[in-house]
Amino acid sequence: MLGNFSYSNPTKLYFGKDALHGLREELQNYGRNVLLVYGGGSIKKNGIYEQVVEILKAAGKDIYEDAGVMPNPTVEKLYEGCRRAREGNVDLILAVGGGSVCDYAKAVSVSAFCEKDPWEKYYLRMEDVDNKIIPVGCVLTMVGTGSEMNGGSVITNHQQKRKIGHVFGDHVFPKFSILNPVFTFTLPQYQMTAGFFDIMSHILEQYFSGEDDNTSDYIMEGLLRSLIYSSKIAIQDPTDYEARSNIMWTATWALNTLVAKGKTTDWMVHMIGQSIGAFTDATHGMTLSAVSIPYYRHILPYGLQKFKRYAVNVWNVTPDGKSDEEIAREGLERMEAYMREIGLVMSIRELGVTDEMLDGIAKGSFIMDGGYKVLSLDEIVAILKESMGEQQ
Ligand code: NZQ
Ligand code: ZN
């Protein structure tokens with residue numbers, strides 16, 4: 001049965017090859033001072049920076065730059081961004097980049113005028129915003145996180161070895177997002193593939209929970225089928241517009257809050273993945289791919305019917321003459337074969353995890369209770385060891 005919920009998503013999207021025109025329109029709604037936030041320089045190499053700056057100048061904006069947002073943005077960078085935003089008295093934060101830049105922009109938007117320490121308030125204590133929020137707009141250049149249409153904002157504190165996401169309400173969602181699939185063509189293959197699995201993981205985190213038959217499950221199966229189909233094409237030809245545009249759209253729907261409405265969700269793969277990220281600074285999507293198969297094998301007996309449904313409806317496993325468990329396990333085997341085919345990282349060793357880190361990673365993983373099995377610390381360590389190639 002679907003639970004009760006309210007739903008709204010305030011982010012306005014502009015999608016397609018001409019999507020940047022939307023920026024011109026949107027800029028009319030904000031004051032003069034714009035904080036232009038971006039990463040390590042990819043937008044300067046591929047020409048997106050020039051296009052955005054030209055539009056900002058034509059709109060008569062004063063541009064304050066905040067460059068160098070790193071993948072897995074840090075708390076130190078957040079403090080720096082808050083200073084920049086206050087100094088520039090900015091009316092809009094324009095994030096041009098991937099999930100890291102977009103997440104960071106949201107963190108600055110709620111933190112610049114926060115009187116408490118934002119790391120402690122939002123990330124350790126998970127408190128709501130009670131101060132001025134600077135509006136955020138986004139020009140997306142990397143597909144995967146869904147940050148372009150949600151309130152997620154993940155920040156890493158390397159000193160404390162914690163990587164934590166705060167899921168803010170819709171008052172913190174980007175006001176608008178520009179989605180041009182062509183902007184993603186220059187992504188290195190490793191990042192592109194990591195993004196594909198991030199999308200898949202977002203869907204699975206919401207799919208593998210609850211026993212009910214509801215509309216969200218059917219939507220998610222459709223999103224997964226589209227992703228699997230298009231990602232195989234994109235791996236062969238990263239400039240295939242049809243594939244890349246479908247993937248971009250799928251990523252947004254995978255985590256813009258819609259498919260989670262009225263149902264429970266899991267998120268344990270992300271909790272373990274984020275903890276791995278805190279210890280290694282590894283690429284987000286690869287931290288998820290490396291633990292997913294061991295995790296799902298581990299919880300399969302507790303959610304057998306859903307894993308069976310997944311095998312049949314997503315991976316086209318024929319159920320005839322097989323037990324439920326055989327069907328479910330065949331689904332995971334096909335998923336693993338697909339993951340290897342597109343070149344995902346399957347072992348946390350490859351991400352720099354050492355034996356000494358295992359206990360710390362397990363302790364740093366928030367334990368969620370919405371999935372099919374509430375994990376103990378020993379179970380997390382066992383899953384990590386399995387990813388490292390040790391059979392349990
Ligand atoms: O920094 P630059 O030079 O721009 O390079 C970036 C970066 O090195 C590069 N890149 C991005 N667009 C490019 C490009 N290179 C060439 N051409 C382009 N068009 O890609 C690298 C990775 O970018 P990043 O933004 O870090 O990747 P992603 O979009 O995967 O974001 C990861 C962050 O998002 C968080 C993750 O934890 C991680 O911190 N997440 C946010 C979520 C949310 N808001 O809901 C949910 C996710 O589960 C995730 O946790
Ligand atoms: Zn993710």
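Residues numbered from 1 in each chain as written. Chains lettered and ligands numbered in written order. Predicted model: local features only at pLDDT ≥ 70, side-chain atom pairs only at ≥ 80, totals over all residues. Heavy atoms only, no water.

Counting 77 residues, the largest nonpolar core has Tyr 296, Tyr 310, Met 335 and Ile 348 as the members making the most contacts within it. The element best represented in this core is helix α7 (residues 189-207), accounting for nine residues. Taken domain by domain, this core gets at least three of its residues from each of domain 1 (12-184) and domain 2 (189-388). Leaving out residues up to four positions away in the same chain, Tyr 296 has contacts with Leu 204, Glu 205, Phe 208, Val 269, Phe 307, Leu 332 and Met 335. Core analysis: the second largest hydrophobic core is formed by 28 residues, Val 75, Cys 114, Ile 164 and Val 172 among them. (Core = buried A, V, L, I, M, F, W, Y, C linked by side-chain atoms within 4.5 Å. Buried < 20%, exposed > 50% of the residue type's maximum accessible area, 1.4 Å probe, protein only. Helix = DSSP H or I, 4+ residues; strand = E, 2+ residues; numbered from the N terminus. Domains from an automatic or database assignment. Contact = heavy atoms within 4.5 Å.)

A separate point is the coordination of the zinc ion (ligand 2). Distances from the zinc ion (ligand 2) to its protein donors, Asp 198 (OD), His 202 (NE2), His 270 (NE2) and His 284 (NE2), fall at 2.0 to 2.2 Å. Between consecutive donors of the zinc ion (ligand 2), the numbers of intervening residues give the motif D-x3-H-x67-H-x13-H. Remark: His 270 occurs in helix α10 (residues 268-280) and Asp 198 occurs in helix α7; sequence separation between them is 72 residues. Relative accessible area serves as the criterion here: at 5%, His 270 is assigned to the buried category. (Donors = N, O, S within 2.8 Å, 3.2 Å for Na, K, Ca; no water.)

Looking at the second largest pocket, its volume works out to about 160 Å³. Pro 294, Arg 297, Arg 340, Met 346 and Glu 386 are the residues nearest the centre of the second largest pocket, which is lined by 13 residues in total. The set of elements that each furnish at least two residues to the lining of the second largest pocket consists of α11 (284-299), α13 (324-342) and α15 (377-387). Counting residues per element, the lining of the second largest pocket draws most heavily on α11, which supplies five residues. Class assignment of the residues belonging to the lining of the second largest pocket gives a composition of four nonpolar, five polar and four charged. (1 Å grid on protein atoms, 1.4 Å probe; cavity = no way out; pocket = protein on both sides within 12 Å on 5 of 7 lines; lining within 4 Å. Points joined across faces, edges and corners; volume = space filled by probe spheres on them. Nonpolar A, V, L, I, M, F, W, Y, C, P; charged D, E, K, R; others polar.)

By the secondary structure assignment, Leu 56 is in helix α3 (residues 48-58). The exposure class assigned to Leu 56 is buried, which follows from its relative accessible area of 0%. With residues near it in sequence (within four places) discarded, Leu 56 still touches Leu 27, Val 34, Leu 36, Lys 61, Ile 63 and Leu 94.

Another aspect to go through is the site of ligand 1. With respect to spatial proximity, 31 residues lie near ligand 1, and among them Gly 40, Ser 42, Gly 99, Ser 100 and Asp 103 are the closest. Leu 187 is positioned with one of its backbone polar atoms (N or O) 3.5 Å from a nitrogen atom of ligand 1. His 270 is positioned such that a nitrogen or oxygen atom in its side chain is 2.9 Å from an oxygen atom of ligand 1. Notes on ligand 1: free accessible area 960 Å², of which the protein chains cover 89%. Secondary structure elements with two or more residues in the shell around ligand 1: α5 (99-111), β6 (152-157), α7 and α10. (Near = heavy atom within 4 Å. Polar contact = N/O pair within 3.5 Å; in protein donor to acceptor, adjacent residues only side chain to side chain. Areas by Shrake-Rupley, 256 points an atom, 1.4 Å probe, with all protein chains shown as cover.)

With respect to topology, six strands assemble into an open sheet ordered β1-β8-β5-β4-β2-β3, the strand pairing being parallel. Only two strands of the sheet have a single partner each, and these edge strands are β1 (12-15) and β3 (62-66). The sheet shows a mean angle of 20 degrees between the axes of neighbouring strands, direction not considered. For strand β5 (residues 136-140) and strand β8 (residues 176-179), the ladder comprises four bridges, and the chain directions are parallel. Paired with Leu 140 across the bridge in β8 is Leu 179. Here α3 sits on the sheet and contacts β2 (33-38), β3 and β4 (92-97); the angle it forms with β2, its principal contact strand, is near 175 degrees. Each of β2 and β3 touches helix α4 (residues 75-87); the most contacted strand, β3, lies at about 165 degrees to it. (Pairing = 2+ DSSP bridges. Axes fitted to C-alpha atoms, helices over the stretch in contact; angles between N-to-C directions.)

All quantities given are derived from atomic positions and should not be read as evidence of function.
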